[in-house]
Structure formats: C-alpha cells, structure tokens
Amino acid sequence: MKTLINMIKTLSFLTLFIITLIGCNSKNKESIKDTQKATSQNALSAVIDSIHSDINNGYYGLIDRFMVIKNDELLADFKYGQDYESIFKKYDTTNHQYNFNSTDWHPYYKETELHTLQSVTKSITSILVGIALVLNKDYNVSNKAMPLLNDTHITPKDKRKQNISIEDLLTMRSGLQWNEETDHNDTTNDCYRLESSDNWIDYVLSKPMDTIPGTTFVYNGGGTVLLGKIIRTITNKRIDHWAEEKLFEPLGITDYYWKETPDGEIDTEGGLYLKAEDLAKIGSLLLNKGKWNGKQIVSESWVTTSTSPLLKNVKPQWRNVTGYGYQWWIPKYTDNGKTNIYSANGYGGQYLMMAPEDNLIIIFNGWNINDEPQKSTYSVLQDRIIPTLKKK
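Residues numbered from 1 in each chain as written. Predicted model: local features only at pLDDT ≥ 70, side-chain atom pairs only at ≥ 80, totals over all residues. Heavy atoms only, no water.

Judged by how many residues are buried, strand β1 (residues 63–70) sits mostly within the fold: 8 of 8 residues are covered. As judged from the 7 bridges shared by β1 and strand β12 (residues 360–366), these two strands associate in the antiparallel manner. When the bridges of β12 are listed, lysine 70 appears paired with leucine 360. Pairing geometry for β1 and strand β2 (residues 73–79), over 6 bridges, is antiparallel. Bridge pairing in β2 places phenylalanine 66 opposite phenylalanine 78. (Buried < 20%, exposed > 50% of the residue type's maximum accessible area, 1.4 Å probe, protein only. Helix = DSSP H or I, 4+ residues; strand = E, 2+ residues; numbered from the N terminus. Pairing = 2+ DSSP bridges.)

Written as structure tokens, this is what we have:
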C-alpha cells in the first residue's frame, strides 16, 4: 500500500512537472512569436521610414500620398505638399479637364482632397462590370460587345469587330488598332485623340481592326470606355450612378468626382477622383474577396479571376514578367499562375497594390507627368517592402 501511495505521489509530481513544462514551452513559443512579430514590424517600419525619406529627398519625384495598410491596420500615411502652380507655370495651364498641367483639375480636383486616379479607374470599372454581370444573369463575359453598344452611329464593316466579346475588352484583346504607348501629349496617341473627341464611343468603334479579337494584348483605354457603355446598357444606369449604388455607398464612399465626356457618358478609362482613404477601401474589399463588413459586394470568383494572370508577360519590355487579368496588372505571379501581387496603375504615379499573402495594401498618389523621377514607386512593394517581410 505504501509503495502504491509513493507511486501515486511520483506520478502526480511527474504530471505536474509535465503540465508546467508544456505551459512554459507554450509561453516560450508565444514569446518567440511575439519577438518575431515585433522584429518584423520593426524591420517594416524601418523600410517605410527609408522610403518616406527618399520621397522627401526627391528620389521618387512628385509624390502626394504614401499609405501602407497591413492586416487592416494603418502602418503609414504620409502626405506631401507640392507647389504645383509654381512647378507647372512653364507649361500650358489652360483650365481644361484634360489638360494635365491645369492645377484646377490635376492632380487634385479643384483644391479638394480628391486625387486623380487616371487608369486606376479602369480597375474600378472592372469591379462594376463584375457586379453588373452577377446581378443580371442574362449576360456574361462571353457576350458580344456590339449588340450592347446600341446608340453608336458606327456600322462595322469588318466582321471581326462583331466578334469582340466583353472578356476581350476586359483583357485588352479587342483587336482594334490602337496606339497608347507614346507620350500623352503626342497628337497621334489614341488616348489623346479620344479625350479630344466629341463622341468617345464612336471614336473607339471607328478604329479599324488589326488582329482577331481575343488573340493579342494591346493596351487600349478605348475598350474600357466601351465597358462603361455596356454597363449602362445592362443596368439601365450610367456607370457613376451604378457605382454610387452598388460600390461606393456600401463602402461608405460619399465624396468623389468622375469626369463626364462631351457625349454624356462617363470617363471610365481615367476620369475618377477619390481620396486615398477611400481608394484603400477598394483595396480592402478585394483582399477580403469581395466582402465588406460581412456583405458580398462583388463575387469572390470575379475578384479571383480579375486579379489572376490570365495573360502572361504582356509587357516583355518591362523588367519583370507582368501579367494581366480583368483590367488589373499582375506584377508578380508564380509559374502555376498564383498571384503574389496585383495592382491598379495610373498615369503620373497612381498605384493601388495588394500582396494577398501578406494581407498588405500599398497606395501611392503622385503626379510625375513631365519629368521622369530617379526611382519609381511602382517597384517599392516588390523590391523594398516584400523582401523585408520575407526575411526571417
């Protein structure tokens, strides 16, 4: 009996020792994780401060805003004041919404905090297309575009034009002849000519075909203009009204400006102005797979498809192998097509960039339109921030 009691005492001691040991190990593991997290945050803070310093020193040119959001936490928000009136006075500053040196219109809208987004507008247009197609089951990305552009005065003679699909427009593979690769002030640039025309839809559709739809990537803002018109046909609402009801209002975006074209349409290729804080909401919506406060605003499948490299290496002249989805750039992806970074890019240095694995959002607003800076903010996430997060 005495032996049994001694055995029980011994076992009780061992059990208590093991429980204590496990508890210590658990605390040690938590402590190690906390230390690693703190070290990672310190490293990230250091690189953010370094980028901020480089911006202040002028290496990135004219930057207006720099934001970093990780795990829904705002880690950095820097505003930079630029004297654009003094900087641009040597240029033509005629007060016109498509004169990019007019400080009444650019980069801020009429001295408000609304910043021009330029082609980031295209990516937001893609979201609105996705919402429209989900809510109107009679339509999908395979639908031909021409029947949905019913107000045009253009009668296509080339049968290839009749075969352009919504997806071809989303992926910049319309087959329309288009030149948007030269300087914006080049009068042969189709974007310049589009923005100078009285009827944008007719201008785009008047362009001849030079490839079969769905075969060749050619960056074409005109195609995004057609998408805006298609949304109006599908929903019976102009895209700004559709956006306000289905996207902006659910996200709490109450202040915005969207340029109107001479023919009464909305400039979906580059005319939207938002505050950086509201642009961040768009990024958060996508990182959360289309959900906002538990409500599905745009379908998860649309978000996934839009931000996947459906087309690969679309810009071979760029240093990285860039992919393209539905009006979203994919600067970094794996060999099997997994997206590491996706981005909405706009003229002058507008960037909304997301790294899903790190639950990270980077926002830049700038206005580098006349002089090329020493460094590009486009590379900040991939070259400076992500490597810091990956360091052990």
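More follows now that the structure is in view.
This part covers the sheet that holds strand β10 (residues 339–346). Overall, antiparallel pairing links the 7 strands, which are arranged β2-β1-β12-β11-β10-β9-β8 in an open sheet. Single-partner strands in this sheet number two, and they are β2 and β8 (323–324). Bridge analysis of β10 against strand β11 (residues 350–355) gives 5 bridges, and the strand direction is antiparallel. Of the residues in β11, the one forming a bridge with alanine 344 is leucine 352. With respect to the sheet, helix α10 (residues 276–287) is in contact with β1, β10, β11 and β12, its orientation differing from that of β12 by roughly 150°. (Contact = heavy atoms within 4.5 Å. Axes fitted to C-alpha atoms, helices over the stretch in contact; angles between N-to-C directions.)

Inspection of the secondary structure puts serine 299 in the loop between β7 (295–296) and α11 (300–306). Of the residues examined, serine 299 reaches a relative accessible area of 19% and is grouped as buried. Taking the C-alpha atoms as reference points, serine 299 and isoleucine 127, 172 residues apart in sequence, are found 9.3 Å from one another. If near-sequence neighbours (up to four positions away) are discounted, serine 299 is found in contact with Val134 and Lys289. There is a polar contact of 3.3 Å between the side chain of serine 299 and the side chain of serine 301. (Polar contact = N/O pair within 3.5 Å; in protein donor to acceptor, adjacent residues only side chain to side chain.)

Turning our eyes to something else, we now look at the pattern of salt bridges. Going through the model one piece at a time under the given rule, you end up with 19 salt bridges. Among the salt bridges present, the one from aspartate 358 reaches lysine 390, with a minimum N-O distance of 3.5 Å. Residue aspartate 358 is located in the loop between β11 and β12, and its partner lysine 390 is located in helix α12 (residues 380–390); the two are separated by 32 residues in the primary sequence. Judged by relative accessible area, which is 13%, aspartate 358 ranks as buried. Salt bridges sharing partners connect three or more residues here, namely Lys338, Glu357, Asp358 and Lys390. (Salt bridge = Lys/Arg side-chain N within 4 Å of Asp/Glu carboxyl O.)

What follows covers the environment of asparagine 293. Among the secondary structure elements, asparagine 293 is positioned in the loop between β6 (291–292) and β7. Each C-alpha atom of the pair asparagine 293 and proline 250 lies 9.1 Å from the other, and the pair is 43 residues apart in sequence.

Turning our eyes to something else, we now look at the packing of aromatic side chains. Enumeration over the complete set of coordinates arrives at 24 aromatic pairs. Relative to tryptophan 258, the ring of phenylalanine 248 has its centre 6.4 Å away and its plane inclined at 35°; by these criteria the two rings are tilted. In this pair, phenylalanine 248 sits in helix α9 (residues 239–251) while tryptophan 258 sits in strand β4 (residues 257–258), placing the two residues 10 residues apart along the sequence. Each member of the pair, phenylalanine 248 as well as tryptophan 258, is classed as buried. A centroid spacing of 5.8 Å and a plane angle of 65° characterise the contact between tyrosine 257 and tyrosine 273, whose relative ring orientation is edge-to-face. Residue tyrosine 257 is located in strand β4, and its partner tyrosine 273 is located in strand β5 (residues 272–274); the two are separated by 16 residues in the primary sequence. Within the aromatic cluster, the residues linked to one another by ring pairs are Phe66, Phe78, Tyr80 and Phe364. Its guanidinium or amino end placed over the ring of tyrosine 59, lysine 375 lies 5.4 Å from that ring's centre, counting from NZ or CZ. (Phe/Tyr/Trp six-rings, centres within 6.5 Å; stacked < 30°, edge-to-face > 60°. Lys NZ or Arg CZ within 6 Å of the ring centre and 35° of its normal.)

Once that is clear, we can look at the confidence of the model for the protein chain. Within the protein chain, residue pLDDT values average 91, and 89% of them lie at 70 or more. pLDDT under 50 marks residues 1–11. Its contacts with residues more than four places away, or in other chains, come to 0 contacts. Taken together, the stretch residues 13–22 has pLDDT below 50 and engages in 0 contacts with residues farther than four places along the chain or on a different chain. (pLDDT = per-residue confidence, 0-100.)

Further remarks concern α10. The terminal C-alpha atoms of α10 lie 17 Å apart, and with 12 residues this matches the ideal 16 Å at 1.5 Å per residue to within 8%. Counting buried positions over the 12 residues of α10 gives 10, a clear majority of the element. Regarding α10, the residues found buried are Ala276, Asp278, Leu279, Ala280, Ile282, Gly283, Ser284, Leu285, Leu286 and Leu287. (Expected span 1.5 Å × (residues − 1).)

Moving on, we come to the sheet that holds β5. Taken together, 3 strands build an open sheet; the order of strands is β3-β5-β4 and the sheet is antiparallel. Two strands in the sheet have a free side with no partner beyond their single neighbour: β3 (115–116) and β4. One ladder, built from 2 bridges, connects β4 with β5; its direction is antiparallel. Residue pairing for β5: tyrosine 257 is matched across the bridge by tyrosine 273.

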